[in-house]
Amino acid sequence: MVDLKGQYEDIKATVNSSVLEVLESTAYINGPKVHEFQKNLEDYLGVKHVIPCANGTDALQIAMMGLGLKPGDEVITADFTFAATVEVIALLGLTPVLVDVNPDTFNIDVDAIKKAITPNTKAIVPVHLFGQCAPMDAIMEIANAHNLYVIEDNAQAIGATYTFKDGTKKKTGTIGHVASTSFFPSKNLGCYGDGGAIFTNDDALALVIRGVVNHGMYRRYYHDVVGVNSRLDSIQAAVLNAKLPKLDDYNNRRKAAANAYDKAFEGHNNIVTPFRDGVQDNHVFHQYTLKVKNTDRDALVKHLNDKGIPCGVYYPVPLHSQTAYADERYNEADFTVTNQLIQEVISLPMHTELDADQIAYISNTIIQFVNG
Ligand SMILES: *Cc1c(COP(=O)(O)O)cnc(C)c1O
């Protein structure tokens, strides 16, 4: 699904020397590399504050802690996403409110958000799923009208640019009140272990969050709030400093692979390629996910595996049907899209090192199976 080795070979000299510097310096925790990466990412995103932390799940949790969300507060998020998003809502004693998604973009459905708002709603967590921007124009409008926080889960879309109706462009993760991201190795900007970050343009919130990530300390050994211990390692920051200048190139290579797949599948009615809204930069293809119609998707997965082609089903079970998150408040009729998507989606190999031969082999194998 990913080719981390090929990517590493290309940047080996820079990464190795940057990591060796950390080893020699012994500044393993909160060393200068971490601060340097924070500044570099702030500049890249055009955001006032980046707060590095240990992983993308922590980043979401810390963002919610920083906003001061309290048990009983309802947080609306998508039913069709990785469990981390709903997990931290539940862990903090907040009430997750899962809603259906759009059948084309797979992103949170705007009308479903509107329907789910109650007097207890405090926040919306859009996930820019598979690298495609959620409909932030409408989400910010709803949030402003109802006085809600917007926490962007940007784990899958770092480097994407969202274009508003009025033509304004902003990087994902800099639109809502606060955002989280993950540097898990296979993410679009991945380190060589775990890593994550929180972004915000709000000075006061950034100050609170810098304390939350560090045991709730604002002065050494004075703990004003209950915090967590969540740090980005200096070694991971060294890797990220070497990779950040390549991020746009990496995302461009993903888009080129996606375009090649699109072209290969053109004219095949049972193969629905990822939705495009015509704005090239708003999808950075963390995943390239097809919908297959009139096809036994699980048999296709098996067939591809037999042919030596890795593929993934993201996600096979919607969150509202997971044992941990099932709730009698949920009504199956409200999840018709996710219930259908879980039967049709299949994600193909997608990374920075895919070549034309690989894409041709993968797409031909799929086309033969789906037609046959
Ligand atoms: C990867 C991911 C996370 C979690 O990131 P970790 O660094 O693995 O904790 C959260 N949300 C989404 C949508 C993700 O894809």
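Residues numbered from 1 in each chain as written. Predicted model: local features only at pLDDT ≥ 70, side-chain atom pairs only at ≥ 80, totals over all residues. Heavy atoms only, no water.

Visitor: Just to check I follow, could you spell out the site of the ligand for this structure?
Guide: The immediate surroundings of the ligand are formed by Asn55, Gly56, Thr57, Thr81, Phe82, Ala84, Val127, Asp153, Ala155, Gln156, Ser182 and Lys187. Measuring from an oxygen atom of the ligand, one finds a side-chain N or O atom of Thr57 at 2.5 Å. Taking Ser182, its side chain carries an N or O atom lying 2.7 Å from an oxygen atom of the ligand. Counted by class, the shell around the ligand contains four nonpolar, six polar and two charged residues. (Near = heavy atom within 4 Å. Polar contact = N/O pair within 3.5 Å; in protein donor to acceptor, adjacent residues only side chain to side chain. Nonpolar A, V, L, I, M, F, W, Y, C, P; charged D, E, K, R; others polar.)

Visitor: Explanation requested: the packing of aromatic side chains in the structure shown.
Guide: One pair of aromatic rings is described through two measures. These are the centre distance and the angle between the planes. Taken as a whole, this structure holds 13 aromatic pairs when the rule is applied. A centroid spacing of 4.9 Å and a plane angle of 90° characterise the contact between Tyr162 and Phe164, whose relative ring orientation is edge-to-face. We classify Phe164 as buried; its relative accessible area is 15%. The interplanar angle of 25° and the centroid separation of 4.6 Å between the aromatic rings of Tyr261 and Tyr288 together place this pair among those described as stacked. Residue Tyr261 is located in helix 9 (residues 247–265), and its partner Tyr288 is located in strand 13 (residues 288–292); the two are separated by 27 residues in the primary sequence. Take Tyr261 and Tyr288: they sit in the same class, and that class is buried. Chaining the aromatic ring pairs together yields one cluster made of Phe80, Phe106, Phe130, Tyr314 and Tyr315. Across from the ring centre of Tyr222, 4.1 Å away, lies the NZ or CZ of Arg219, which sits over that ring. (Phe/Tyr/Trp six-rings, centres within 6.5 Å; stacked < 30°, edge-to-face > 60°. Buried < 20%, exposed > 50% of the residue type's maximum accessible area, 1.4 Å probe, protein only. Helix = DSSP H or I, 4+ residues; strand = E, 2+ residues; numbered from the N terminus. Lys NZ or Arg CZ within 6 Å of the ring centre and 35° of its normal.)

Visitor: Can you help me understand the packing of helix 3 (residues 56–66) against helix 4 (residues 84–91) in this one?
Guide: Any two packed helices are characterised by how steeply their axes cross, that is the angle between the axes, and by the distance between the axes. For the pair helix 3 and helix 4, interaxial distance at closest approach is 9 Å and the crossing angle is 40°. The angle between helix 3 and helix 4 places the two elements in the oblique class. Along this stretch, helix 3 crosses helix 4, giving a crossing that reads as right-handed. In this structure, helix 3 contributes Thr57, Leu60, Gln61 and Met64 to the contact, and helix 4 contributes Ala84, Thr85, Glu87, Val88, Ile89 and Leu91. (Axes fitted to C-alpha atoms, helices over the stretch in contact; angles between N-to-C directions. Parallel < 35°, antiparallel > 145°, perpendicular 65-115°, else oblique. Left-handed = near helix turned anticlockwise from the far one by under 90°. Contact = heavy atoms within 4.5 Å.)

Visitor: Can you walk me through the pairing of strand 9 (residues 196–200) in this structure?
Guide: Working note: regular strand, side chains alternate between the two faces of the sheet. The buried fraction of strand 9 amounts to five of the five residues, a majority that puts the element mostly inside the structure. Burial along strand 9 is two-sided: the face carrying Gly196, Ile198 and Thr200 and the face carrying Ala197 and Phe199 are both buried. Here five bridges tie strand 1 (residues 49–53) to strand 9, and the two strands are oriented antiparallel to one another. Note on strand 9: the bridge partner recorded for Val50 is Phe199. In terms of strand pairing, strand 8 (residues 178–182) meets strand 9 through four bridges, oriented antiparallel. Looking at strand 9, one finds that Ala179 is bridged to Phe199. (Pairing = 2+ DSSP bridges.)

By themselves these figures say nothing about function.
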